[in-house]
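# Residue-level structure breakdown
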Amino acid sequence: CANMINRHDNVFWPQLANDQLMISIICDGFHLRDEEIVSFYKIKGTERTIITSDISGYAGLEPGFYIVDEGDTIELTSEGMLRYPIRNVLYASASPISRGVVHIMHVTGCSLADAIRMASENPARLYGWDDRGTLSPGKRADLILFNIGERDLNIRKTYVSGELVFEAT
């Protein structure tokens, strides 16, 4: 969204007011202020909120400055923010959805079950992926085993279609 928008005539109000629409929000602690996350969550609720990310290939790298393909310099801060320093705007996210799960719990007080639903079941429902999103007979057995950390989920194991594809060492 543009840095300067009309406070009345903008894209937010009609979409927030429409109960047929879901909202996808990046809950990494940088894209939206905590009070924005709380407001969006209060308006749309667990049923119509999706936790998403625009995670980039710079996720997991050490903090520092990097040159992108276009030649611009971006900065990955020690807090995990990925930004264009010269423009003082975000470049993308360096945080996975798992950080959004923990962050939305902290700022809204929602349960772990609700946060997981917003990161798995709701996107599957939006995209019509009937074979995933919930644990039930006949669906893919996509599972993530984790511990909850202060800022993120500590992923221990990941299964896709019942097959182990990742195990932390």
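Everything in this summary refers to the structure shown in the same document. From a predicted model like this one, the values you see are computed outputs, not experimental measurements.

By the bridge criterion, two bridges tie strand 4 (residues 73–76) to strand 5 (residues 81–84) in an arrangement that is antiparallel. Across the sheet, the residue bridging to Glu75 is Arg83, located in strand 5. Between the end of strand 4 and the start of strand 5, which pair antiparallel, lie four residues, with Gly80 showing a positive phi angle near 100°.

On to the side chain of Thr46, then. With respect to the helices and strands, Thr46 occurs in the loop between helix 2 (34–44) and strand 2 (49–52). When near neighbours in sequence (up to four residues on either side) are disregarded, Thr46 contacts Tyr41, Asp114, Arg117, Met118 and Asn122.

Scanning the model with the defined rule gives four aromatic pairs in all. Measuring from centroid to centroid gives 6.0 Å for Tyr58 and Tyr91, while their planes differ by 80°, and the two rings are edge-to-face. Of this pair, Tyr58 sits in the loop between strand 2 and strand 3 (64–67) while Tyr91 sits in strand 6 (residues 89–93), and the two are 33 residues apart along the sequence. The class of Tyr58 is buried, set by a relative accessible area of 18%. Overall, Tyr91 belongs to the partly exposed group, its relative accessible area being 27%. Measuring from ring centre to ring centre gives 5.1 Å for Tyr127 and Trp129, while their planes differ by 25°; the resulting arrangement is stacked. Take Tyr127: its relative accessible area is 55%, and that puts it in the exposed class. On the basis of relative accessible area, Trp129 is assigned to the partly exposed category, the value being 40%. Put simply, the rings of Tyr58, Tyr66, Tyr84 and Tyr91 touch in pairs and so form one group of aromatic residues. The ring of Tyr84 is capped by Arg87, whose NZ or CZ atom sits 4.7 Å from the centre of that ring. Here Arg132 stacks its cationic end above the ring of Trp129, 5.0 Å away from the centre of that ring.

Cut-offs and rules
Residues numbered from 1 in each chain as written. Predicted model: local features only at pLDDT ≥ 70, side-chain atom pairs only at ≥ 80, totals over all residues. Heavy atoms only, no water. Pairing = 2+ DSSP bridges. Helix = DSSP H or I, 4+ residues; strand = E, 2+ residues; numbered from the N terminus. Contact = heavy atoms within 4.5 Å. Phe/Tyr/Trp six-rings, centres within 6.5 Å; stacked < 30°, edge-to-face > 60°. Buried < 20%, exposed > 50% of the residue type's maximum accessible area, 1.4 Å probe, protein only. Lys NZ or Arg CZ within 6 Å of the ring centre and 35° of its normal.

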